[in-house]
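Below, each chain spelled out in residue letters.
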Amino acid sequence: LPALSQRVEVLGPGDVGGLKQRALVRTHPRDGAVEVTPGELAYVEFYEEDFPWRYSPARAAAATEPQGRRHKLRPWIALLVLREDEFTRTDRVGAMPVITIATGVELPRPTETWAWAHAQIGRVVDDADAASAEIATHPDHSLSRLLCPRRLAAGIVYHAFVVPAFETGRRAGLGLAADAVAAQAPSWGTGAVTLPTYLAWRFTTGTAGDFETLARRLVARPAGPRF
């Protein structure tokens, strides 16, 4: 038989122009929350369980590949949590807002973003086939979650942003050409960076410690005869 070829186009980060509200389940902390418990991590949840990886310009590692490569598909979006003195924001008419992050601000390592996105099923399943069947049968019992690895400090006003994790998505959001950019190049490095934002919210942490902090304040003393 003669060989046949067909050109197809696959959607990637550079084809996404924003997020619809119905794609979201919730943010934690919620927008405008105050007295948020310090020591926790912020996250955002999506209704569809594959959403953080849907437009990633790579394939998932096969079960036959080395263990180190499995389960490490980088999501096409990332969650950043910043203090007010770490960025400036610019709102644009008819386009996504943009934030510029200063040099020296510590951001998640691009090679480790895979560790901060996962899917969850609210039922007990035995294997991958059972998980797929459960999702297809009960789509409301599964979701996906994107976390920021920054541990929240006490008494701080934070701003959370969902941003593109790949350079093609960053350039598309800024209206720049991305033809010569490697598909899997990350959208930030070690210097200052300007990023479009798909989602943004704000919250403030309280000064009271979480359980771990309060437990570490305990001081052991002799019980004494009146114990």
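Check the entry above for the structure.
Residues numbered from 1 in each chain as written. Predicted model: local features only at pLDDT ≥ 70, side-chain atom pairs only at ≥ 80, totals over all residues. Heavy atoms only, no water.

Asks: Would you explain unusual backbone geometry in this entry?
Replies: The phi angle of most residues is negative, glycine excepted, and most peptide bonds adopt the trans form. Across the junction of His28 and Pro29, the peptide omega takes the value -5 degrees, indicating a cis bond. Following the sequence through the fold, Pro29 ends up in the loop between β1 (24–28) and β2 (43–46). In this model, Glu35 sits at a positive phi of 55 degrees, which is unusual for a non-glycine residue. With respect to the secondary-structure elements, Glu35 resides in the loop between β1 and β2. (Helix = DSSP H or I, 4+ residues; strand = E, 2+ residues; numbered from the N terminus.)

Asks: Could you clarify how one ought to interpret the sheet that holds strand β9 (residues 193–196) in this entry?
Replies: Paired through their backbone hydrogen bonds, the strands of a sheet run either parallel or antiparallel. Spatial strand order, β4-β5-β9: three strands in an open sheet with antiparallel pairing. Two strands in the sheet have a free side with no partner beyond their single neighbour: β4 (87–90) and β9. The sheet shows a mean angle of 20 degrees between the axes of neighbouring strands, taken without regard to direction. Sheet topology note: the strand β5 (residues 98–101)/β9 ladder contains four bridges and is antiparallel. Residue Ile99 lies in a different strand from β9, and its bridge partner there is Leu195. Strands in contact with helix α2 (residues 167–174) are β5 and β9; relative to β9, the strand with the most contacts, it is inclined by about 75 degrees. (Pairing = 2+ DSSP bridges. Axes fitted to C-alpha atoms, helices over the stretch in contact; angles between N-to-C directions. Contact = heavy atoms within 4.5 Å.)

Asks: Would you take a moment to explain the packing of aromatic side chains for this structure?
Replies: Two numbers describe a pair of aromatic rings. These are the distance of the centres and the angle of the planes. Counted by the stated rule, this structure contains six aromatic pairs. Pairing Phe46 with Phe51 gives two aromatic rings, centres 4.8 Å apart and planes at 40 degrees, and the pair type is tilted. Following the ring pairs from residue to residue traces out a cluster consisting of Phe46, Phe51, Tyr55, Trp76 and Tyr198. The ring of Tyr43 has Arg145 sitting right over it, with the charged end atom 5.5 Å from the ring centre. (Phe/Tyr/Trp six-rings, centres within 6.5 Å; stacked < 30°, edge-to-face > 60°. Lys NZ or Arg CZ within 6 Å of the ring centre and 35° of its normal.)

Asks: What is the right way to read the pattern of salt bridges from this model?
Replies: Two side chains of opposite charge can pair, provided their charged atoms sit close to one another. With the rule as written, the count across this model stands at 12 salt bridges. In this structure, Glu84 and Arg202 form a salt bridge, with 3.8 Å as the shortest nitrogen-oxygen distance. Note that Glu84 is positioned in the loop between β3 (77–83) and β4 and Arg202 in strand β10 (residues 199–204), a separation of 118 residues in sequence. Given a relative accessible area of 44%, Glu84 falls into the partly exposed group. Overall, the relative accessible area of 38% leaves Arg202 in the partly exposed class. When the shortest N-O distance is used, the salt bridge between Glu167 and Arg171 registers 3.0 Å. Linking Glu167 with Arg171, this pair stays in helix α2, spanning four residues, or about one helical turn. Put simply, Arg83, Asp85, Glu86 and Arg150 are held in one network by salt bridges that share partners. (Salt bridge = Lys/Arg side-chain N within 4 Å of Asp/Glu carboxyl O. Buried < 20%, exposed > 50% of the residue type's maximum accessible area, 1.4 Å probe, protein only.)

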